[in-house]
Amino acid sequence: GPKVLQIPSHQIIDMGQMVTLNCDPVSNHLYFYWYKQILGQQMEFLVNFYNGKVMEKSKLFKDQFSVERPDGSYFTLKIQPTALEDSAVYFCASSLEGGDAEQFFGPGTRLTVL
Amino acid sequence: QQQVRQSPQSLTVWEGETAILNCSYEDSTFDYFPWYHQFPGESPALLIAIRPVSNKKEDGRFTIFFNKREKKFSLHIADSQPGDSATYFCAAHSGGSNAKLTFGKGTKLSVKS
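Residues numbered from 1 in each chain as written. Chains lettered and ligands numbered in written order. Predicted model: local features only at pLDDT ≥ 70, side-chain atom pairs only at ≥ 80, totals over all residues. Heavy atoms only, no water.

Visitor: Hey, could you run me through the interface of chain B and chain A in this one?
Guide: Buried accessible area, meaning the area lost when the parts come together, often serves as the stated size of an interface. Taken together, the contact pairs 18 residues of chain B with 21 residues of chain A. Approximately 1800 Å² of surface area, both sides summed, lies buried where chain B meets chain A, with 52% of it carried by carbon and sulfur atoms. Linking chain B with chain A are two salt bridges, by the criterion used here. Of the charged contacts, one joins Lys100 of chain B and Glu56 of chain A as a salt bridge, the two residues approaching to 3.2 Å between their closest N and O atoms. At the surface where chain B touches chain A, the tally comes to nine residue pairs in polar contact (both at pLDDT 80 or more). Among the elements of the structure, strand 4 (33-38), strand 9 (86-94) and strand 10 (100-103) of chain B are those that each provide at least two residues to the side of chain B that touches chain A. With three residues, the single largest contributor to the side of chain B that touches chain A is strand 10 of chain B. When the residues that make up the side of chain B that touches chain A are grouped by side-chain class, the tally is eight nonpolar, seven polar and three charged. (Contact = heavy atoms within 4.5 Å. Buried area = accessible area lost by both parts, 1.4 Å probe. Salt bridge = Lys/Arg side-chain N within 4 Å of Asp/Glu carboxyl O. Polar contact = N/O pair within 3.5 Å; in protein donor to acceptor, adjacent residues only side chain to side chain. Helix = DSSP H or I, 4+ residues; strand = E, 2+ residues; numbered from the N terminus. Nonpolar A, V, L, I, M, F, W, Y, C, P; charged D, E, K, R; others polar.)

Visitor: Looking at this structure, I do not really get the state of the cysteines. What am I missing?
Guide: By definition, a disulfide links the sulfur atoms of two cysteine residues through a covalent bond. All names here are of chain B. Counted under the stated rule, the structure contains two disulfides over all chains. The disulfide that involves Cys23 links it to Cys90, with 1.9 Å between the sulfurs. As the torsion about the S-S bond is roughly -95°, the Cys23-Cys90 disulfide counts as left-handed. One end of the pair, Cys23, is in strand 3 (residues 19-25); the other, Cys90, is in strand 9, with 67 residues separating them in the sequence. This pair shows no difference in class: Cys23 is buried, exactly as Cys90 is. (Disulfide = S-S within 2.5 Å. Buried < 20%, exposed > 50% of the residue type's maximum accessible area, 1.4 Å probe, protein only.)

Visitor: What's the story with the side chain of Thr76 of chain A in this structure? I'm lost.
Guide: Residue and element names in this part refer to chain A. In this fold, Thr76 is placed in strand 8 (residues 75-79). Classification of Thr76 by relative accessible area gives buried; the value is 11%. Ignoring sequence-local partners within four residues, the contact set of Thr76 consists of Thr20, Leu21, Asn22, Trp34, Ser66, Val67 and Glu68.

Visitor: Would you mind showing me how to read the sheet that holds strand 8 (residues 72-77) of chain B here?
Guide: Adjacent strands of a sheet form backbone hydrogen bonds with each other and so pair up, either parallel or antiparallel. All names here are of chain B. Across the sheet, which stays open at both edges, the five strands sit in the order 1-3-8-7-6 with antiparallel pairing between neighbours. Unpaired on one side and paired on the other, strand 1 (4-7) and strand 6 (56-59) mark the two borders of the sheet. Here the strands of the sheet are splayed against their neighbours by 15° on average, with no regard to which way each runs. In this structure, strand 6 lies alongside strand 7 (residues 62-67), joined through four bridges in antiparallel fashion. By the bridge assignment, Glu58 is partnered in strand 7 with Thr63. (Pairing = 2+ DSSP bridges. Axes fitted to C-alpha atoms, helices over the stretch in contact; angles between N-to-C directions.)

Visitor: Explain the pattern of salt bridges here, please?
Guide: For side chains bearing opposite charge, pairing can occur when the charged atoms are close. Residue and element names in this part refer to chain B. Scanning all chains against the criterion turns up eight salt bridges over all chains. Ionic pairing is found between Arg69 and Glu70, a salt bridge with its closest N-O pair at 3.3 Å. Since its relative accessible area comes to 70%, Arg69 is described here as exposed. Judged by its relative accessible area of 39%, Glu70 is partly exposed.

Here is the structure:
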């Protein structure tokens, strides 16, 4: 089936540094999402993105977070600066339509902030 | 507060048995309830989903039972196979066109042969 790719699979950085997580969504999809999963907890919604704009974000989407998809390339999540509590697995997802359309997930990027 | 509670955290069944995974929610505005499964090292993938207008949805060996009044739904996996061993997440959709999913914590299912 359609696949969402995420690069890198694992990233280790020092607290205070900037990190960019990359997502290659399904090619014809128009809606993009990021979810955060802390070890042992559920995946939690961060943000959704459509037509070049953030449509909705949760309280977990701090001011240090930003998303973009320049010119149809990767859909990125940037954290600047990082904090210890940002350590988690970040899942990207995409869907063809909004609403309750099926969201296709990537395998996740494990971010470790030291 | 939007929450989806899932139980049990882990479940072991024998091959051929029916595995039952349970979820409950609080927010009445949830309007779509998918189940995802995830095999080790792979992406979560949609397994089956239901809308509140129905109280049952079947797809092969997988059945969702939905109780709108009690705000509960469950996934039944009939004739469980070792290949069904995975982590299963229930979720609930809200936000209208601004889609977002609220997930349960997951159930790690092991099917022994």
